[in-house]
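Each chain is listed here by its residues.
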Amino acid sequence: MSALSRVTLLGVPLDPVTREEALIRLLSFLEEPFPHHVATPNSEMLVEASRNPAFHSLLGKTALNLPDSAGLLLAARVTHQHLPQRVTGIDTVQALCASLASDHPVFLLGARPGVAPIAAAALMAKNPQLRIVGTFSGSPRSEDAQAIIDHINAAAPHLLLIAFGAPAQDLWIADHLNDLPSVRVAMGVGGTFDFLAGERKRAPALLQKLGLEWLWRLVLEPRRWKRIWNAVVVFPLLVVRHRQNRSS
Ligand code: UDP
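So, a few notes on the structure that sits alongside this text. (Residues numbered from 1 in each chain as written. Predicted model: local features only at pLDDT ≥ 70, side-chain atom pairs only at ≥ 80, totals over all residues. Heavy atoms only, no water.)

Quick word on the pairing of strand β5 (residues 106–110)
For the record, the criterion: Relative accessibility decides the category of a residue: with a 1.4 Å probe and only protein chains considered, values under 20% of the type maximum give buried, values over 50% give exposed, and everything between is partly exposed. In this description a helix means any DSSP run of H or I spanning at least four residues, a strand means any run of E spanning at least two, and both kinds are numbered starting from the N terminus. For two strands to be treated as a pair, DSSP must find no fewer than two bridges joining them. With strands facing away from the observer, any crossover in which the path from the first strand over the helix to the second runs clockwise is taken as right-handed.
The element β5 is extensively covered by neighbouring structure, given that five of its five residues are classed as buried. In terms of strand pairing, β5 meets strand β6 (residues 132–136) through four bridges, oriented parallel. Residue pairing across strands places Val106 opposite Ile132, the latter belonging to β6. Handedness of the crossover joining β5 and β6 through helix α6 (residues 115–126) is recorded here as right-handed. Looking at chain direction, β5 and strand β7 (residues 159–163) are connected through five bridges and run parallel. Within the sheet, the bridge partner assigned to Leu109 lies in β7 and is Ile162.

Topic: the nonpolar core
What counts, and what does not: The definition of a nonpolar core used throughout is a set of buried Ala, Val, Leu, Ile, Met, Phe, Trp, Tyr and Cys residues joined through side-chain atoms within 4.5 Å. By definition in these notes, contact holds between two residues if any of their heavy atoms fall within 4.5 Å.
Among the nonpolar cores identified, the biggest contains 35 residues, and Leu108, Leu161 and Phe193 are the most heavily contacted of them. Leave out the neighbours within four places in its chain, and Phe193 touches Leu108, Leu109, Gly110, Ala111, Val115, Ala116, Ala119, Leu161 and Ala163. Core analysis: the next-biggest nonpolar cluster, separate from the first, contains 22 residues, Leu10, Leu58, Leu59 and Val234 among them.

Quick look at the environment of Val38
Structurally, Val38 can be placed in strand β3 (residues 36–39). On the basis of relative accessibility, which here comes to 0%, the residue Val38 falls in the buried class.

Overview of the site of the ligand
Stated precisely, the cut-off is as follows: Here a residue is considered near a molecule or strand provided that any single heavy atom belonging to it is located within 4 Å of it. Any pair of nitrogen or oxygen atoms within 3.5 Å is treated as a polar contact; in protein, a donor-acceptor pairing is required on top of that, and neighbouring residues in sequence qualify only through side-chain atoms on both sides. To measure how exposed things are, a 1.4 Å probe is used in the Shrake-Rupley method; for residues, cover is taken only from the protein chains shown. Residues are sorted three ways: Asp, Glu, Lys and Arg are charged, Ala, Val, Leu, Ile, Met, Phe, Trp, Tyr, Cys and Pro are nonpolar, and all the rest, Gly among them, are polar.
Residues in contact with the ligand amount to 14 residues; listed here are only the nearest, Ala111, Gly191, Asp194, Arg224 and Arg227. A distance of 3.2 Å separates an oxygen atom of the ligand from a polar backbone atom of Gly165. The separation between an oxygen atom of the ligand and a polar side-chain atom of Asp194 is 2.7 Å. The fraction of the free accessible surface of the ligand (540 Å²) that becomes covered by protein chains is 73%. For the shell around the ligand, the residue count by class is four nonpolar, four polar and six charged.

Considerations on helix α5 (residues 89–99)
Applicable threshold: To obtain the arc, one takes the directions from the helix axis to the C-beta atoms.
Those residues of α5 that sit buried are Gly89, Ile90, Thr92, Val93, Leu96 and Cys97. Buried positions in α5, seen along its axis, are confined to an arc of 160 degrees and lie on one side of it. The inward-facing, buried residues of α5 contact α1 (19–30), α6, β7, β8 (185–188) and α9 (192–196).

Structure below.
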């Protein structure tokens, strides 16, 4: 699929891929001996990008932007574009780990101390062929970057999954991917390790299908209200305004 066929929302390109097509693209990136930055934008990340030029700019340069939220699908429809389905970070990580051979080592960076090793154990229990060569909690602070880079380079992974939350994880990848010569795919995965480790529960399938995962998160994690407000209220308003500005 060419870059030309990408969907654009608030000036951010998104790849109109199914989960299967995303998996094929990721597996082909892993065969190429150069780095690919993969992002999993959702509605609140696009709101953040509209206010954060560095984040907006990097989302224009990634190899793949997987549409993570139901709001993006709806916004694409309203703007006469088409995104076939949600391709979430956690679903993509699970599918990728099920398909990866042991010659593509994996490193898990981020989440609270102790979470990534549990997530790694859960992934390896399900996928005995999977080779996870390291985990590190770390932090997105610039003073911690060198220690993280040293850890990753010592493990020499092909696939680097980073859970620092957005936009920190994608800014970190943009700043440091070139310092990680073994890495072929670096992907920001948000709360994926928390879900894999059982620290957080995903919304029931029905709520996910109805595009109401945000409601589940609001009930379980009310401190996230501002992010949910951005996703559910600010994002649609920005999409409508952006569309009016373009047609006037
Ligand atoms: N995180 C981290 N360091 C930070 C900030 C966040 O490791 O400085 C981790 C956090 O523990 C969580 C992940 O980043 O595992 C993403 O968190 P968030 O709640 O933003 O997930 P999302 O909503 O993107 O799924």
